[in-house]
Amino acid sequence: MDEIFDKLQAVADRYDELNELISDPEVIADSQRFMKLSKEEGSLRETVEKYHQYQKVTQTINDDEELLRETKDDELAEMTKEELADSKEEQEKLAHELEVLLIPKDPNDDKNIIMEIRGAAGGDEASLFAGDLYNMYLHYAEKQGWNVEVVDKTETEVGGFKEIVLMISGDKVYSKLKFENGAHRVQRIPVTESAGRVHTSTATVGVMPEAEDVEIDLDPKDIRVDVYRSSGAGGQHINKTSSAVRMTHLPTGIVVAMQDERSQQQNRAKAMRILKARVYDYYQQKEQSAYDQKRKDAIGTGDRSERIRTYNYPQNRVTDHRIGLTLNKLDKIMDGDLDEIIEALIIADQTKKLEQLRNE
């Protein structure tokens, strides 16, 4: 625990230093440096305020313990014991909160995301389940006050999706949805199944933080752009104009095709946003894999082939296999009531990282 308080003192010292720097006229004159230092100061503020609260409570405990050793007044002693008990409870709570605040923050947590949902094993039933997952995330996003934009989709004849790509924007989107990466399994009786047997199908979900220009700079020489005519409904405009765009990132082989918008310019802009996110995600996953091999940590935010959750319709049950959580309210979860699962995943991730922090 002493090492943790050494880290907290170092954070407090850096916070004081930052406050001095952002008051310096030279720094204020350099807007880029001022913004960078102000952002760092803002990111440390909550930790430092909690640390000062902890120091204050610790001082109160020390004062009360000293008073109890010295006082002969029974009534004062009783009041002091009550205050001491409350202070120790608060101290314990603050100590835990401070440990959590010291966990290295995922730099992507505040970002918007690009989510890709694909029907995998199971034919028509897999594509229908992909549609159900889309509706689940749509309802959850609405409850969070987020904005959802469908960027691209390939619908199936039965009414589901072979693939659907979304942009979800709002407050701390990635921090809450990053654990959705992986294979989602459904067990239910398909509507097409006359014998009434339970089938198992899967759909995969990919969650990528939207990459900002400052984080990933794609060299135009590394991108091949092909334009072609859009297919599907749309009349003469679709048939006459090469508005669809396919971008290939040559070093990684990542391909993005976009034909959703009317103009080539709009399709180019959307394709570039998705390409950047996919390339950023690709390099990040490589780094994360190397990091996880060294640390043997994480609850599985990376590999999309990893089966993370089962949705059992006959028993109205959802099980998250990574943390062994089972909830018998699949109907509510499919309606976007994901808070309990997401909070449990965040706590499990924090617990693992806290163990690492204590062992460093």
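None of the values given here were measured: they were computed from a predicted structure.

Trainee: Please provide a residue-by-residue account of the overall build of the chain, values included.
Mentor: Counting secondary structure elements, the chain contains 10 helices and 11 strands. Sequence-distant contacts in the chain: of pairs separated by 6 or more residues, those separated by 24 or more amount to 61%. When the accessible area of the chain is evaluated, it comes to approximately 20200 Å², of which 47% is carbon and sulfur surface.

Trainee: Give a description of the layout of surface pockets that names residues and reports values.
Mentor: Computed from the structure, the largest pocket encloses a volume of approximately 840 Å³. Along the wall of the largest pocket there are 24 residues; nearest its centre are Val100, Leu101, Lys105, Asp109 and Gln350. Secondary structure elements with two or more residues in the lining of the largest pocket: helix 3 (31-70), helix 4 (74-102), helix 6 (173-177) and helix 10 (339-359). With 5 residues, the single largest contributor to the lining of the largest pocket is helix 3. Grouping the amino acids of the lining of the largest pocket by side-chain chemistry returns 9 nonpolar, 5 polar and 10 charged.

Trainee: Give a detailed account of the sheet that holds strand 11 (residues 325-327), specifying residues and quantitative values.
Mentor: On the basis of which strands lie adjacent, the open sheet formed by 8 strands has the order 2-3-1-5-4-9-10-11 and mixed pairing. Two strands in the sheet have a free side with no partner beyond their single neighbour: strand 2 (147-155) and strand 11. Averaged over neighbouring strand pairs, the angle between their axes works out to 15 degrees when direction is ignored. Of the pairings in the sheet, the one linking strand 1 (residues 113-119) to strand 3 (residues 161-169) comprises 6 bridges and is antiparallel in character.

Trainee: Please set out the pattern of salt bridges residue by residue, giving values where relevant.
Mentor: When the charged atoms of two side chains lie near each other, side chains of opposite charge can form a pair. In total, this model carries 23 salt bridges according to the counting rule given. Of the charged contacts in the structure, one is a salt bridge between Asp110 and Lys172, with a shortest N-O distance of 3.3 Å. Of this pair, Asp110 sits in the loop between helix 4 and strand 1 while Lys172 is found in the loop between strand 3 and helix 6, placing the two residues 62 residues apart along the sequence. The class for Asp110 is partly exposed, based on a relative accessible area of 43%. Overlapping salt bridges bring together Glu116, Arg118, Glu163 and Arg278 as one network.

Trainee: Explain helix 5 (residues 124-144) to me, using residue names and the numbers behind them.
Mentor: Helix length check: helix 5 (21 residues) gives 31 Å between terminal C-alpha atoms against 30 Å at 1.5 Å per residue, within 8%. Of the residues trailing helix 5, Gly145 is marked for its positive phi of about 75 degrees.

Trainee: Explain the pairing of strand 7 (residues 244-249) residue by residue, including any values.
Mentor: The buried fraction of strand 7 amounts to 5 of the 6 residues, a majority that puts the element mostly inside the structure. Where strand 6 (residues 223-228) and strand 7 come together, 6 bridges link them in antiparallel fashion. The partner of Tyr228 across the bridge, within strand 7, is Ala244. Two elements, strand 7 and strand 8 (residues 254-258), share 5 bridges in a ladder whose sense is antiparallel.

Trainee: Give me the lowdown on the packing of aromatic side chains, citing residues and values where you can.
Mentor: For the coordinates displayed, the defined rule picks out 4 aromatic pairs. Each ring, one from Tyr134 and one from Phe161, has its centre 5.7 Å from the other, and the planes form 85 degrees; the classification is edge-to-face. Here Tyr134 is found in helix 5, whereas its partner Phe161 is found in strand 3, with 27 residues between them in sequence. Note on accessibility: Tyr134 and Phe161 belong to one class, buried. Here Tyr140 and Trp146 contribute two aromatic rings whose centre-to-centre distance is 5.6 Å and whose plane-to-plane angle is 85 degrees, an arrangement assigned as edge-to-face. Of the two residues, Tyr140 and Trp146, both sit in the buried class.

Trainee: Break down the nonpolar core for me, with residues and values.
Mentor: Among the nonpolar cores identified, the biggest contains 36 residues, and Met115, Ile117, Leu133, Tyr137, Ile168, Leu177 and Tyr311 are the most heavily contacted of them. Of all elements in the fold, only strand 1, helix 5, strand 3, helix 6, strand 5 (199-209), strand 11, helix 9 (330-334) and helix 10 reach the threshold of two or more residues within this core. Per-element tally for this core: the top contributor is helix 5, with 9 residues. Among the nonpolar cores identified, the runner-up in size contains 24 residues, and Ile4, Phe5, Ile22 and Leu354 belong to it.

Trainee: Go over the environment of Phe5, please, and point to the residues and values.
Mentor: Mapped onto the elements, Phe5 comes out in helix 1 (residues 2-21). Sequence separation between Phe5 and Tyr51 is 46 residues, and the spatial gap between their C-alpha atoms is 9.0 Å. Not counting the four nearest positions on each side in its chain, Phe5 is found in contact with Tyr51 and Tyr54.

Trainee: Could you give me a rundown of the sheet that holds strand 6, with the residues and numbers involved?
Mentor: With respect to topology, 3 strands assemble into an open sheet ordered 6-7-8, the strand pairing being antiparallel. Lying at the two open borders of the sheet, with one neighbouring strand each, are strand 6 and strand 8. Between one strand axis and the next, the sheet turns through 15 degrees on average, direction left out of account.

Trainee: Explain the side chain of Arg185 to me, using residue names and the numbers behind them.
Mentor: When you line up the elements, Arg185 lands in strand 4 (residues 182-188). Here Arg185 occupies a buried position and makes no salt bridge, while the nearest side chain of opposite charge, Asp320, is found at 12 Å. For Arg185, the side chain forms a polar contact with the side chain of Thr310, separated by 3.0 Å. Excluding residues within four positions of it along the chain, Arg185 makes contact with Phe129, Thr200, Ser201, Thr202, Arg307, Arg309, Thr310, Tyr311 and His321.

Trainee: So what about the packing of helix 4 against helix 10? Which residues, and what values?
Mentor: Across the interface, helix 4 lies against helix 10 with an axial gap of 9 Å and an inter-helix angle of 90 degrees. Classified by the interaxial angle, the pair formed by helix 4 and helix 10 is roughly perpendicular. Residues His96, Glu99, Val100 and Leu102 of helix 4 pack against Gln350, Leu354, Leu357 and Arg358 of helix 10. Of the residues in the contact of helix 4 with helix 10, the class split is 4 nonpolar, 2 polar and 2 charged.

Cut-off values and rules
- Residues numbered from 1 in each chain as written.
- Predicted model: local features only at pLDDT ≥ 70, side-chain atom pairs only at ≥ 80, totals over all residues.
- Heavy atoms only, no water.
- Helix = DSSP H or I, 4+ residues; strand = E, 2+ residues; numbered from the N terminus.
- Contact = heavy atoms within 4.5 Å.
- Areas by Shrake-Rupley, 256 points an atom, 1.4 Å probe, with all protein chains shown as cover.
- 1 Å grid on protein atoms, 1.4 Å probe; cavity = no way out; pocket = protein on both sides within 12 Å on 5 of 7 lines; lining within 4 Å.
- Points joined across faces, edges and corners; volume = space filled by probe spheres on them.
- Nonpolar A, V, L, I, M, F, W, Y, C, P; charged D, E, K, R; others polar.
- Pairing = 2+ DSSP bridges.
- Axes fitted to C-alpha atoms, helices over the stretch in contact; angles between N-to-C directions.
- Salt bridge = Lys/Arg side-chain N within 4 Å of Asp/Glu carboxyl O.
- Buried < 20%, exposed > 50% of the residue type's maximum accessible area, 1.4 Å probe, protein only.
- Expected span 1.5 Å × (residues − 1).
- Phe/Tyr/Trp six-rings, centres within 6.5 Å; stacked < 30°, edge-to-face > 60°.
- Core = buried A, V, L, I, M, F, W, Y, C linked by side-chain atoms within 4.5 Å.
- Lys, Arg positive; Asp, Glu negative; His and termini not counted.
- Polar contact = N/O pair within 3.5 Å; in protein donor to acceptor, adjacent residues only side chain to side chain.
- Parallel < 35°, antiparallel > 145°, perpendicular 65-115°, else oblique.

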